[in-house]
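Read off the chains here:
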Amino acid sequence: MKRFFCALLALTLCVFPAGAITGEPSVEVPSALLMEKETGAILYEQSAHDRYEPASVTKIMTMLLVMEAVDSGRISMEDTVQASAHACSMGGSQIYLKEGEQMSVHDLLKSVAVASANDAAVALAEHIAGSESSFVAQMNERAAQLGMKDTTFRNCTGLPDPDHLTSAYDVALMSRELIRHQGIREFTTIWMDSVRDGQFQLANTNKLIRFYDGATGLKTGFTASALFCLSATAERDGMELIAVVLHAPTSEARFETAKSLLTFGFANYTLVDARPGQALPPIEVALGVDPVVQPILQDGGRILVDKTDLDKVTTSVQLTDQVEAPVEKGQKLGSMTVYLDGVEQAVVPIVADEAVERLTLGGVFTRFMGKLFMAG
């Protein structure tokens, strides 16, 4: 038997100060896209699957693989990396590594994120995969896993190659995955810093870090063939947006377009913390050490809505009446469906907040005798 109830949503809103809701963003570039991080919703797109060279925006994937290696314990931020002749031969943006020079993963990653250092990117690639070519194979494998169907990587730097291509949509996908690693913000939010004990200065190529409220990153790019590229991320009141610009004619055009996209997103959309209008009742556990278990939402259940639609959000909750022990923590007990103006938006699992062990035979007998005496 299932239990159902419907209620208006209890809203916890990520609303910004009152102001006019903006119209369409000003986009004067060939390809652009705006994505909300948590839901992956696309808020604006223009030729988002057209393929272009991404220049150093490529390094988003390079940094993603580094962060995944660090977070999985395969490498450490404190690891010492020795620069190879190949890494030192990159040219372009660099920190001028010398062959045999040693530097920590931490400082190399900082150099990639802040100064777009090609030599540092290759040194990290070699440290993780043994060679740049093996690392690039991992980049393409990870791109396929993320659904980046428009992308082919030929190097880990973004240096010119006519077959090294991606799209605004794919850049948003890998950007979204990178910023799931909160540790990357330590690097992507730096405006100015240094390496080599202060002997080499780093300046961020992303001007939005200093001049756009809430900016969190992420990566610029430029070559003569790719033109000006950018993946810009910003967060305000718990909502993080990703604005991607490819093949912009000027540096100013990429930054102004990204600002327009981000401002459009923050002005028009908000995340709603979708929770039932009343507390979820405990569920009876048959043959459990504990007689009931408390159901909870598996995650925040947040959905993205247009700010003009806030009064159109409702929820419907479906719960089981009883579950038999043993119950595992996180075991599904029901679901909550979120609707916007009557149209289904999301289904959020409802799960057990803790495990409940099954009674032993002796426990069953003891409980039965207790009930018997109480009845007497």
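As a starting point, this report considers the structure included with it. (Residues numbered from 1 in each chain as written. Predicted model: local features only at pLDDT ≥ 70, side-chain atom pairs only at ≥ 80, totals over all residues. Heavy atoms only, no water.)

## As for unusual backbone geometry
For residues besides glycine, phi is generally negative; the peptide bonds are generally trans as well. Omega for the peptide link from Gly217 to Leu218 comes to 25 degrees, which places this bond in the cis form. Along the chain, Leu218 falls in strand 8 (residues 215-223). Following Ala325, the chain continues to Pro326 via a peptide bond in cis, the omega torsion being 0 degrees. With respect to the helices and strands, Pro326 occurs in the loop between strand 17 (322-324) and strand 18 (332-340). Positive phi is not limited to glycine here, since Asp197 has a value of about 55 degrees. Secondary-structure assignment places Asp197 in the loop between strand 6 (192-195) and strand 7 (200-203). Notably, Leu227 is not glycine yet its phi reads approximately 60 degrees, a positive angle. Mapped onto the elements, Leu227 comes out in strand 9 (residues 227-236). (Helix = DSSP H or I, 4+ residues; strand = E, 2+ residues; numbered from the N terminus.)

## A short note on the nonpolar core
Ranked by internal contacts, the top residues of the largest apolar core, which has 66 residues, are Met61, Leu108, Leu109 and Met174. Mapped by element, the contributors of at least two residues to this core are strand 2 (31-36), helix 1 (59-71), helix 2 (85-88), helix 3 (105-115), helix 4 (118-129), helix 5 (132-145), helix 6 (168-179) and strand 10 (239-248). Of the residues forming this core, the biggest block, nine residues, is contributed by helix 1. Not counting the four nearest positions on each side in its chain, Met61 is found in contact with Met139, Arg142, Ala143, Leu146, Met148, Phe153 and Met174. Among the nonpolar cores identified, the runner-up in size contains 29 residues, and Ile209, Ala215, Ala258 and Leu304 belong to it. (Core = buried A, V, L, I, M, F, W, Y, C linked by side-chain atoms within 4.5 Å. Buried < 20%, exposed > 50% of the residue type's maximum accessible area, 1.4 Å probe, protein only. Contact = heavy atoms within 4.5 Å.)

## So, the pattern of salt bridges
If you walk through the whole model with that rule in mind, you get 14 salt bridges. Ionic pairing is found between Glu240 and Lys37, a salt bridge with its closest N-O pair at 3.4 Å. Here the residue Glu240 occupies a position in strand 10, and Lys37 occupies one in the loop between strand 2 and strand 3 (42-46), the gap between them amounting to 203 residues. Across the pair, Lys37 and Glu240 agree in class, each one buried. For Lys110, the salt bridge is made with Asp107, and the minimal N-O distance between the two is 4.0 Å. Of this pair, Lys110 and Asp107 both sit in helix 3, three residues apart, roughly one helical turn. We classify Lys110 as buried; its relative accessible area is 7%. Connected via shared salt-bridge partners are Lys37, Arg185, Glu235 and Glu240. (Salt bridge = Lys/Arg side-chain N within 4 Å of Asp/Glu carboxyl O.)

## Here's the deal with helix 1
With 13 residues, helix 1 extends 18 Å from end C-alpha to end C-alpha; this agrees with the ideal 18 Å at 1.5 Å per step. Most of helix 1 sits inside the fold, with 12 of its 13 residues counted as buried. Along helix 1, the positions that sit buried rather than exposed are Lys59, Ile60, Met61, Thr62, Met63, Leu64, Leu65, Val66, Met67, Glu68, Ala69 and Val70. Where the residues of helix 1 are buried, they touch helix 3, helix 4, helix 5, helix 6, strand 8 and strand 9. (Expected span 1.5 Å × (residues − 1).)

## Structural notes on the sheet that holds strand 12 (residues 283-286)
As a general point, the strands of a sheet are linked pairwise by backbone hydrogen bonds and lie either parallel or antiparallel. The three strands are arranged 13-12-17 in an open sheet whose pairing can be described as mixed. Each of the sheet's edge strands pairs with one partner strand only, and the pair in question is strand 13 (292-293) and strand 17. Both strand 12 and strand 13 contribute to a ladder of two bridges, which runs antiparallel. Note that in strand 13 the partner of Ile283 across the bridge is Val293. (Pairing = 2+ DSSP bridges.)

## Looking at helix 3
Most of helix 3 is tucked away: nine of the 11 residues are buried. Downstream of helix 3 by one or two residues, Ser116 has phi in the positive range, about 55 degrees.

## A closer look at the packing of helix 1 against helix 4
To characterise two packed helices, one gives the angle between the axes of the helices and the distance between these axes. Running from N to C, helix 1 and helix 4 cross one another at 40 degrees; their axes reach a closest spacing of 11 Å. With respect to each other, helix 1 and helix 4 are oriented oblique. For the pair helix 1 and helix 4, the sense of crossing is left-handed. Contacts between helix 1 and helix 4 pair Lys59, Thr62, Leu65, Val66 and Ala69 from the former with Asn118, Ala121, Leu124 and Ile128 from the latter. Per-class residue counts for the contact of helix 1 with helix 4 are six nonpolar, two polar and one charged. (Axes fitted to C-alpha atoms, helices over the stretch in contact; angles between N-to-C directions. Parallel < 35°, antiparallel > 145°, perpendicular 65-115°, else oblique. Left-handed = near helix turned anticlockwise from the far one by under 90°. Nonpolar A, V, L, I, M, F, W, Y, C, P; charged D, E, K, R; others polar.)

## Points about the pairing of strand 9
Taking burial as the measure, the 10 residues of strand 9 include seven buried ones, the bulk of the element. Counting the residues in the hairpin turn of strand 8 and strand 9 gives three residues. Two elements, strand 9 and strand 10, share eight bridges in a ladder whose sense is antiparallel. Residue pairing in the sheet places Ser231 in a bridge with Val244 of strand 10. Counted along the chain from strand 9 to the antiparallel partner strand 10, the turn is two residues long, and its residue Asp237 has a positive phi close to 50 degrees.

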